[in-house]
Amino acid sequence: MSTLVGWHVELEFSEQGNRTGAVALIRLADGSEIKARGYAMRHPADPDQLRVGEEIAGARALMDLASQLLQKAHTEIDEASGRHSRPLAH
């Protein structure tokens, strides 16, 4: 089996106080880009664990990215078939 295309997802993190933000970006073979965001909040009583905030924010950004990819595919299926189908679920 040969690989036709590969995807690379970029993740960037920001930290502001007790809030960690993540931005995920994917560039698709059709030239489109999808950007997704995720956040994590640290409770003030919890110890600083930057890695944990990054993991949570990153996971949420990737879940948002997955949802947007499913919606994009659903729209393309509808456009190609000329009818309205049920939304794709994850």
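Residues numbered from 1 in each chain as written. Predicted model: local features only at pLDDT ≥ 70, side-chain atom pairs only at ≥ 80, totals over all residues. Heavy atoms only, no water.

**Q** In this structure, what is going on with the overall build of the protein chain? I would like to understand it.
**A** Helix and strand counts for the protein chain come out as 1 helix and 3 strands. For the protein chain, restricting intrachain contacts to residue pairs at least 6 apart in sequence, the fraction spanning at least 24 positions comes to 35%. Per element, the accessible surface of the protein chain, about 6900 Å² overall, is 54% carbon and sulfur. With 10 positive and 13 negative side-chain charges, the protein chain shows a spacing of 4 Å between the two charge centroids. (Helix = DSSP H or I, 4+ residues; strand = E, 2+ residues; numbered from the N terminus. Contact = heavy atoms within 4.5 Å. Areas by Shrake-Rupley, 256 points an atom, 1.4 Å probe, with all protein chains shown as cover. Lys, Arg positive; Asp, Glu negative; His and termini not counted. Charge placed at Lys NZ, Arg CZ, Asp CG, Glu CD.)

**Q** Explanation requested: a nonpolar patch on the surface in the structure shown.
**A** A grouping of Val9, Leu11, Phe13 and Leu62 is seen on the molecular surface, where their side chains present a nonpolar patch of about 300 Å² in accessible area. Top element by residues in the nonpolar patch is strand 1 (residues 9–16). It accounts for 3 residues. Structurally, Leu11 is set in strand 1. (Patch = residues over 30% accessible without salt bridge, like charges linked within 9 Å, V, L, I, M, F, W, Y side chains within 5 Å. Salt bridge = Lys/Arg side-chain N within 4 Å of Asp/Glu carboxyl O.)

**Q** Mind showing me how you'd approach the environment of Leu11 here?
**A** With relative accessibility at 34%, the residue Leu11 sits in the partly exposed group. In sequence terms Leu11 and Pro47 are 36 residues apart; their C-alpha atoms lie 24 Å from each other. Those residues in contact with Leu11, other than ones at most four positions away along the chain, are Val23, Ala24, Ala61 and Leu62. (Buried < 20%, exposed > 50% of the residue type's maximum accessible area, 1.4 Å probe, protein only.)

**Q** When you look at the nonpolar core in this model, what are you seeing that I'm missing?
**A** For soluble globular proteins, nonpolar side chains are generally found buried alongside one another. Counting 10 residues, the largest nonpolar core consists of Ala22, Ala24, Ile26, Leu28, Ile34, Ala36, Ala40, Ala57, Ala61 and Leu65. Those elements that place two or more of their residues in this core are strand 2 (19–27), strand 3 (33–41) and helix 1 (50–81). (Core = buried A, V, L, I, M, F, W, Y, C linked by side-chain atoms within 4.5 Å.)

Functional significance is not addressed by these values, which are geometric in nature.
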